[in-house]
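So the chains spell out like this:
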Amino acid sequence: MRLAVFSDIHGNLQGLEAVLADIQQRGADVVWCGGDLVGYGANPGEVVDRIRELSIPTIMGNYDDGIGYFRILCGCDYKSEADAERGARSIAWTKQHTTEAQKAYLRNLPYKLQREFEGHQVVLVHGSPVRLNEYLFETVADGVFAAHLENTRADVLLFGHTHKPYHKVLSGRHLVNTGSAGKPKHGNPNATYALLDLTPTEVKVQIVEVSYDYEAAARAIEATDLPHEFAQMLREGRG
């Protein structure tokens, strides 16, 4: 069977639609979403509505938590005062541009999805199995990854949050960061998602890059009073 998993759309409707079209073209049997539907981008409400319309199983991201529960901060690890100030403006703007029904949807999302496919236990979380906003970069110590695999009993552990995709195998078990479908940070503007082909004897993982009209997404940001730096980050594929 074929499983497609995307995450971290962050209000980028153009990125989302391109990823969904690519997934449909490749014929996925099951589609999951790893959260962070909103924040930074110009179309948070439309992204939420699209995910709901398609009934895609979706988990909560830290930004979904921030908007759904009207928090002041999104739980992001900003590296500078300027980044933190832009983040505060983003969360305030996104609260103003989502409805109560959309916020209720976000705050009622589950923290994980777990299902057995072809004999493999597959678990999806946003940041990590223990925290919405834990950053599991590829450089994290193997012992940390091993502990998460053991605690979840996952054969395949999927996550996002860092916006930097990778696939790592540890003692025959798979760790997959799906990257970002709407705010990539891997050095180019393409959206990314993970495509898994599972049989009873094998797990094949592909990180798929999808080109899309990122200029339209950037211009949509610039047409709002969101920080215009977010538009340039989209163009450059950086954080």
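Engineer: Looking at this structure, I do not really get the overall build of the chain. What am I missing?
Structural biologist: For the chain, the helix and strand inventory stands at eight helices and nine strands. Against the 2.2 N^0.38 benchmark of 18 Å for 239 residues, the chain shows a C-alpha radius of gyration of 17 Å, consistent with a compact globule. With the C-alpha coordinates of the chain rotated into their principal frame, the extents come out at 50 × 35 × 35 Å. Across the 239 residues in the chain, those meeting the buried criterion constitute 53%. Sequence-distant contacts in the chain: of pairs separated by 6 or more residues, those separated by 24 or more amount to 68%.

Engineer: Looking at this model, I keep getting lost on the nonpolar core. Mind explaining?
Structural biologist: One broad trend across soluble globular proteins is that nonpolar side chains are buried collectively. Core analysis: the largest hydrophobic core is formed by 41 residues, its most contacted members being Phe-6, Ile-9, Val-19, Leu-37, Leu-106 and Tyr-193. When residues in this core are grouped by element, the largest group, five residues, is from helix 1 (residues 13-26).

Engineer: Whenever I open this one, the packing of helix 1 against helix 2 (residues 44-54) confuses me. Can you help?
Structural biologist: Helix packing geometry: the angle between the two helix axes and the distance between the axes. The N-to-C vectors of helix 1 and helix 2 enclose an angle of 25°; their axes lie 9 Å apart at closest approach. Regarding the angle of helix 1 to helix 2, the classification is roughly parallel. Between helix 1 and helix 2 the crossing geometry is right-handed. Here Leu-13, Leu-16, Glu-17 and Leu-20 of helix 1 come into contact with helix 2, specifically with Glu-46, Val-47, Arg-50, Ile-51 and Leu-54. Of the residues assigned to the contact of helix 1 with helix 2, the class counts are six nonpolar, no polar and three charged.

Engineer: I'm lost on the sheet that holds strand 1 (residues 2-6) in this one. Help?
Structural biologist: Strand pairing in a sheet relies on backbone hydrogen bonds. The paired strands run either parallel or antiparallel. Pairing is mixed in the open sheet, where four strands are placed in the order 2-1-8-9. Each edge of the open sheet carries a strand with a single partner, namely strand 2 (30-33) and strand 9 (202-210). Looking at each pair of strands side by side, their axes are set apart by 20° on average, direction ignored.

Here is what the cut-offs are and how they apply
- Residues numbered from 1 in each chain as written.
- Predicted model: local features only at pLDDT ≥ 70, side-chain atom pairs only at ≥ 80, totals over all residues.
- Heavy atoms only, no water.
- Helix = DSSP H or I, 4+ residues; strand = E, 2+ residues; numbered from the N terminus.
- Rg over C-alpha atoms; globule rule 2.2 N^0.38 Å.
- Buried < 20%, exposed > 50% of the residue type's maximum accessible area, 1.4 Å probe, protein only.
- Contact = heavy atoms within 4.5 Å.
- Core = buried A, V, L, I, M, F, W, Y, C linked by side-chain atoms within 4.5 Å.
- Axes fitted to C-alpha atoms, helices over the stretch in contact; angles between N-to-C directions.
- Parallel < 35°, antiparallel > 145°, perpendicular 65-115°, else oblique.
- Left-handed = near helix turned anticlockwise from the far one by under 90°.
- Nonpolar A, V, L, I, M, F, W, Y, C, P; charged D, E, K, R; others polar.
- Pairing = 2+ DSSP bridges.

Nothing here speaks to function; it is geometry throughout.
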